[in-house]
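Examining the three-dimensional arrangement
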Amino acid sequence: MNTRENGSGEEPVIRDNRKIDPETGEARGQAEREQAERAAQAGQAGEAGGAGQAASAAADGLASAELAVQLGERTADLQRLQAEYSNYRKRVERDRAMVKEQAVAGVLSELLPVLDDIGRARDHGELTGGFAKVSESLEAVAGKLGLSTFGVKGEPFDPTVHEALMHSYSPDVAEPTCVEILQPGYRIGERVLRPARVAVAEPEEPSSGDAAGAGDN
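Summary of the structure given here. A quick note: this is a predicted structure, and the numbers were derived from the prediction, not measured.

What follows covers helix α2 (residues 129-144). Along its 16 residues, α2 runs 23 Å from first to last C-alpha, staying within 8% of the 22 Å computed at 1.5 Å per residue. Taken as a whole, α2 has its buried residues at Ala132, Ser135 and Ala142. Down the axis of α2, the sector holding all buried residues measures 90°, keeping them to one side. Facing away from the buried surface of α2 by more than 90 degrees, the exposed residues are Lys133, Val134 and Lys144. With its phi angle positive at about 100°, Gly146 sits one or two positions after the end of α2.

Take a look at the structure:
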């Protein structure tokens, strides 16, 4: 029965009690035999220690790999949350700006008839005294809120920003042109609150004789 069967966890110790040195064939004393035994025990201990270090190194490598995987997953989660928060913040800021613009546009739209009255009074020379100062203050406030006018006599007619209230033909134009600005248009930034109401003239309508000649050709 060996040491393992006796329940001992220690490795068996091999004692070299041979009196003849197997390498030289000569007799050896007790000191030499003890030295040989110590060398054998040291070799066994070295083998056991090397195996233990290898197992420890393998365990450390496995733990490092698991930590690297966990770190990568946490980093990806953090980057995803950061991107979602950035998109959410941009969306909130965009919605807030849109709501503000709609509110300002609603207020200024209600003031457009008042601004039209001020413009007519100015054209007729009735904008004097305290009324002139009040109207100038009102127009200044509207301008600070982003309100601007458009529509100039002589500019090409654009149905996206002009509303034609009158139509005529004229030899003085080469394309549909705004010949009169009946009411100015108003916009906030690129948003049109009201198109400019204009009188439009097109190039002179060809006469019946010219039309007949063109048909003969």
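Now that the structure has been shown, we can carry on.
This part takes up the nonpolar core. Within the largest apolar cluster, 14 residues are counted, with the highest numbers of intra-cluster contacts made by Leu108, Leu112, Leu115, Leu147, Tyr186, Ile188 and Leu193. Looking at this core, the elements that each hand over two or more residues are α1 (30-123), α2 and β4 (185-188). Of the residues forming this core, the biggest block, seven residues, is contributed by α1. Once you skip the residues sitting within four places of it in the chain, Leu108 turns out to touch Ala142, Leu145, Leu147, Ile188 and Leu193. In terms of nonpolar packing, the next biggest core, distinct from the first, is built from six residues, Phe150, Cys178, Val198 and Val200 among them.

Analysis parameters
- Residues numbered from 1 in each chain as written.
- Predicted model: local features only at pLDDT ≥ 70, side-chain atom pairs only at ≥ 80, totals over all residues.
- Heavy atoms only, no water.
- Helix = DSSP H or I, 4+ residues; strand = E, 2+ residues; numbered from the N terminus.
- Expected span 1.5 Å × (residues − 1).
- Buried < 20%, exposed > 50% of the residue type's maximum accessible area, 1.4 Å probe, protein only.
- Arc of directions from axis to C-beta.
- Core = buried A, V, L, I, M, F, W, Y, C linked by side-chain atoms within 4.5 Å.
- Contact = heavy atoms within 4.5 Å.

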